[in-house]
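Residue-level listing of the chains:
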Amino acid sequence: MRTIFRRSASTEPRTLDLYEIAYLAGGPLRVAETALITLHERGIVTVQRSRVRAGKTRADHPVERALTELCPYRKRVRFVLTMLLSGPETEEIGRRLVSYGLLTRSRQRFTAAGRRHVQTAKEDGALPVHVFDGPAALPDPVLRRTVRDAIPIPSGLGRRLIRMGRALDSDYDSDYGSDFGSHGGGDSGAGHHSCGGGGGSDY
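The rules behind the values
- Residues numbered from 1 in each chain as written.
- Predicted model: local features only at pLDDT ≥ 70, side-chain atom pairs only at ≥ 80, totals over all residues.
- Heavy atoms only, no water.
- Axes fitted to C-alpha atoms, helices over the stretch in contact; angles between N-to-C directions.
- Helix = DSSP H or I, 4+ residues; strand = E, 2+ residues; numbered from the N terminus.
- Parallel < 35°, antiparallel > 145°, perpendicular 65-115°, else oblique.
- Left-handed = near helix turned anticlockwise from the far one by under 90°.
- Contact = heavy atoms within 4.5 Å.
- Nonpolar A, V, L, I, M, F, W, Y, C, P; charged D, E, K, R; others polar.
- Buried < 20%, exposed > 50% of the residue type's maximum accessible area, 1.4 Å probe, protein only.
- Pairing = 2+ DSSP bridges.
- pLDDT = per-residue confidence, 0-100.
- Phe/Tyr/Trp six-rings, centres within 6.5 Å; stacked < 30°, edge-to-face > 60°.
- Lys NZ or Arg CZ within 6 Å of the ring centre and 35° of its normal.

**Quick word on the packing of helix H1 (residues 18-41) against helix H2 (residues 62-70)**
In the contact formed by H1 and H2, the axes pass within 9 Å of each other and the chain directions differ by 45°. Classified by the angle their axes make, H1 and H2 are oblique. Once H1 is placed against H2, the crossing between them reads as right-handed. Listed contacts from H2 to Tyr19, Val31, Ala35, Leu36, Thr38 and Leu39 of H1 are Val63, Glu64, Leu67 and Thr68. Residues that form the contact of H1 with H2 fall into these classes: seven nonpolar, two polar and one charged.

**Quick look at the pairing of strand S3 (residues 45-48)**
Along any regular strand, the residues point their side chains to alternate faces of the sheet. On S3, burial follows the alternation: Val45 and Val47 on one face are buried, whereas Thr46 and Gln48 on the facing-out side are not. As paired strands, S3 and strand S4 (residues 51-54) are joined by four bridges and run antiparallel to one another. Across the sheet, residue valine 47 finds its bridge partner in S4, namely valine 52. Connecting S3 to the antiparallel partner S4 that follows it, the hairpin turn spans two residues, and arginine 49 within it adopts a positive phi of roughly 55°.

**Some thoughts on the confidence of the model for the chain**
Counting all residues, the mean pLDDT for the chain is 77, and 68% of those residues have values of 70 or more. Note that pLDDT drops below 50 for residues 155-159; the model gives that stretch five contacts with residues more than four away or on any other chain. Here residues 161-201 is modelled with pLDDT under 50, and outside its nearest four sequence neighbours on either side it reaches 94 contacts, counting other chains as well.

**Considerations on the sheet that holds S3**
What the three strands build is an open sheet, ordered S3-S4-S5; its pairing is antiparallel. Strand pairing shows two members of the sheet lacking a second neighbour, S3 and strand S5 (75-76), which therefore form its edges.

**Notes on the packing of aromatic side chains**
The full count for this structure, using the stated rule, is zero aromatic pairs. Lysine 75 extends its terminal NZ or CZ atom over the ring of phenylalanine 79, reaching a point 5.1 Å from the ring centre.

**Comments concerning the side chain of threonine 34**
In this fold, threonine 34 is placed in helix H1. By relative accessible area, which is 0% here, threonine 34 ends up buried. Apart from residues lying up to four places away in sequence, threonine 34 is in contact with Leu18, Tyr19, Ala22, His130 and Val131.

Okay, here's the thing in structure tokens:
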């Protein structure tokens, strides 16, 4: 799903997809949440209690493919969100938005253009409300609680993830100056890890 905008500057894109808007609205954490919710609603993954498992249907978007590759077997939702938000697919979205002039290079703060894009997308109404407001906007109370309670706060990410998690409790436009930061492998490990075989660590 893509939301179309009129070009207002040479550095701005003509289109932003679902996950680019999610990144602008709530940072890498919102990208991970949106992917999980979207794939669950499409029946590509199942979320039961605090665990998620991917089926055999292939996802198209790089972020969605990364999520399904993380959980061919049942894995904790917190583990999947943590790995996805710090993975290369999500980082690439941030770099792309910087190149479009929608986030600043130094600390990935909103630019005026980025603020306009999020506001326009929300007013357009083409994207799900949870893209902007997080899991708090989900009508399903079980899924809402599952995703909300799985906010990943591993020690390596510290305050930056806490700041992003606050997007769950406040409207996106009340914190346009929030610092999404960068979430490279140096903070969280070596990007995505295999979940195959049911072995390995599991948050």
